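Spelled out from the first residue to the last, the chains are:
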Amino acid sequence: MANQYLTIKQLTAAVGNGLTPRMVRHYHNLGLLPEAKRSAANYRLYTDADVQHLRRIVALKSQGFQLDHIRQLLTPDSGDLKVDQLTSQLQQQYRSVMQQLARLRQTASALEGLLGRDHRCRKIQTEALVQLRQLELESTVGLEELAPFWHSLDAACDAHPEDFSESLQQLLPDLSQKNEIERDLLTKLVLASGDVSLVDFVRLSQGAIASARNALKTHCEIVADVSPVVAALDQTRIAHLGLTVKTLIDEPHIHSADEAERRFCQQGKWQERLQHLTPGCILVIGYAPSVLISALKRIEQGQLQVSLIVGMPIGFSHAPAAKRRLMGSGVEYITTLGTIGGGLLAAVALNSLVESLMEKPNCHCYLQNH
């Protein structure tokens, strides 16, 4: 009978994810985990149900939920779970998190402005740091008091264009373990968004780059969800490679994500068009999450075959859900986690793959008359 139970050490090993016996005891004290059965020697004994319950706690905690909120979410039919009250608490937590992010973003922006300097700005950077060290400020520092510091640091910007590659060398995380094409893709996405942290939110399937390049070499069809995404594609290089581009929602007046989402769901013709796309095509989705969801449904039903999906739709509930579904679909993909995305980023990702197949002079002149 005793063999059916786990000790607290066996329990933490089964749950994993850094869970410790001390944390388990803490969860007991908070009422997050029901009190365990005791052995004759007074040791706690756990079941598979406890393993599953703790895995739920760990998963929710990893998503940033506070322990009190987790207790309310996981307490069955206790009467404590009042949806409106819990929703209000979660909204307060969300606002607090956003305030913290805003403060961190200000700090990151200041550090980027200081560290992201190319070699021509280094002398000015050194002088400005000396000035900052010597700067005497009141106890309540206002932006106006730091204005002379930034004015001094920015003085070199008039003299030369910014060397983006040098600036990014100071700011990007170590990408040495990634191949050259992926490094180039990530760099271009950062430059397109102005957000270095984007690197941590981009996900590629293992065969995404190889599958895309093979498809592009064999003149695959490129299909974007809306015309603004098509407009952001590198039409010159695409034409040079002999590729064709189609717009799925081919209504030129649609220029926003909410319009694209609503009209796609209303118009069955665009949903039907998905299953008639050329096998082996590349889908570039930067606006409507329902396009991505519908495409994945048709892939699961064997009605659509793609070489790659660049899935970066916009949205706050459906878009993250669609991306999670994409990453678990078995389809080759390039995507961004959560709400991050948009048509420009989706187009930049595809453009980077197209450019990887070609020589890279500094202009398009060599592509003329092709």
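Presented here is a report on the structure given in the accompanying data block.

Let us now look at the pairing of strand β8 (residues 333–336). Because side chains alternate across β8, one face comprises the buried residues Y333 and T335, and the other comprises I334 and T336, equally buried. Direction of pairing for strand β3 (residues 202–204) relative to β8: antiparallel, over a ladder of 3 bridges. Bridging from a neighbouring strand, L204 pairs with I334 of β8. Note that strand β7 (residues 306–311) and β8 share 3 bridges and pair parallel. Residue pairing for β8: I309 is matched across the bridge by Y333.

A few words now on unusual backbone geometry. Of note, the phi angle at N17 is positive, near 55°, even though the residue is not glycine. Relative to the elements of secondary structure, N17 occurs in the loop between α1 (8–15) and α2 (21–30). For N17, a relative accessible area of 67% gives the class exposed. One non-glycine residue with positive phi stands out, namely N42, at about 70°. Relative to the helices and strands, N42 resides in the loop between β1 (37–38) and β2 (44–45).

Further remarks concern the pattern of salt bridges. Counted by the stated rule, this structure contains 12 salt bridges. The salt bridge partner of D195 is R105, with a shortest N-O separation of 3.6 Å. Pair noted here: D195 is in the loop between α9 (180–193) and β3 and R105 is in helix α5 (residues 83–115), with a separation of 90 residues, a long-range link. On the basis of relative accessibility, which here comes to 23%, the residue D195 falls in the partly exposed class. What makes R105 partly exposed here is its relative accessible area of 33%. Across the pair K246 and E221 runs a salt bridge whose closest N-O atoms are separated by 3.1 Å. Placement of the pair is K246 in strand β5 (residues 244–247) and E221 in strand β4 (residues 221–224), with a sequence separation of 25 residues. You can call K246 partly exposed: its relative accessible area is 45%.

Next up on the list: the side chain of S356. By the element assignment, S356 lies in the segment after α17 (343–355). In terms of polar contacts, S356 uses its side chain to reach the backbone carbonyl oxygen of L353, at 2.6 Å. Sequence-distant contacts of S356, that is, excluding residues within four places in its chain, are made with I181 and R213.

Another aspect to go through is the sheet that holds strand β6 (residues 281–285). In a beta sheet, neighbouring strands pair by backbone hydrogen bonds and run either parallel or antiparallel. If you walk across this open sheet you meet the 6 strands as β3-β8-β7-β6-β4-β5, and the pairing is mixed. In this open sheet, the two strands that pair with only one neighbour each are β3 and β5. Neighbour-to-neighbour, the strand axes of the sheet open up by a mean angle of 15°, direction not taken into account. The pairing of β4 with β6 spans 3 bridges and is classified as parallel. When the bridges of β6 are listed, I222 appears paired with I282.

Another point: the environment of Q206. Residue placement: Q206 occurs in the loop between β3 and α10 (208–217). Taking the C-alpha atoms as reference points, Q206 and Y333, separated by 127 residues in sequence, lie 8.7 Å from one another.

Packing of helix α15 (residues 289–300) against helix α16 (residues 318–327) leaves a shortest axis separation of 8 Å and a crossing angle of 30°. Compared by their axis directions, α15 and α16 come out roughly parallel. Helix-helix and strand crossings are classified by hand; for α15 and α16 the assignment is left-handed. The residues of α16 that touch α15, namely those facing P289, L292, I293, L296, K297 and E300, are H318, A319, A322, K323, R325 and L326. Classifying every residue of the contact of α15 with α16 gives 7 nonpolar, 1 polar and 4 charged.

Time to look at a nonpolar patch on the surface. Residues Y94, V97, M98, L101 and L104 make up a contiguous nonpolar surface patch of about 480 Å² in total accessible area. Locating V97 in the fold gives a position in helix α5.

Criteria and thresholds
Residues numbered from 1 in each chain as written. Predicted model: local features only at pLDDT ≥ 70, side-chain atom pairs only at ≥ 80, totals over all residues. Heavy atoms only, no water. Buried < 20%, exposed > 50% of the residue type's maximum accessible area, 1.4 Å probe, protein only. Helix = DSSP H or I, 4+ residues; strand = E, 2+ residues; numbered from the N terminus. Pairing = 2+ DSSP bridges. Salt bridge = Lys/Arg side-chain N within 4 Å of Asp/Glu carboxyl O. Polar contact = N/O pair within 3.5 Å; in protein donor to acceptor, adjacent residues only side chain to side chain. Contact = heavy atoms within 4.5 Å. Axes fitted to C-alpha atoms, helices over the stretch in contact; angles between N-to-C directions. Parallel < 35°, antiparallel > 145°, perpendicular 65-115°, else oblique. Left-handed = near helix turned anticlockwise from the far one by under 90°. Nonpolar A, V, L, I, M, F, W, Y, C, P; charged D, E, K, R; others polar. Patch = residues over 30% accessible without salt bridge, like charges linked within 9 Å, V, L, I, M, F, W, Y side chains within 5 Å. Areas by Shrake-Rupley, 256 points an atom, 1.4 Å probe, with all protein chains shown as cover.

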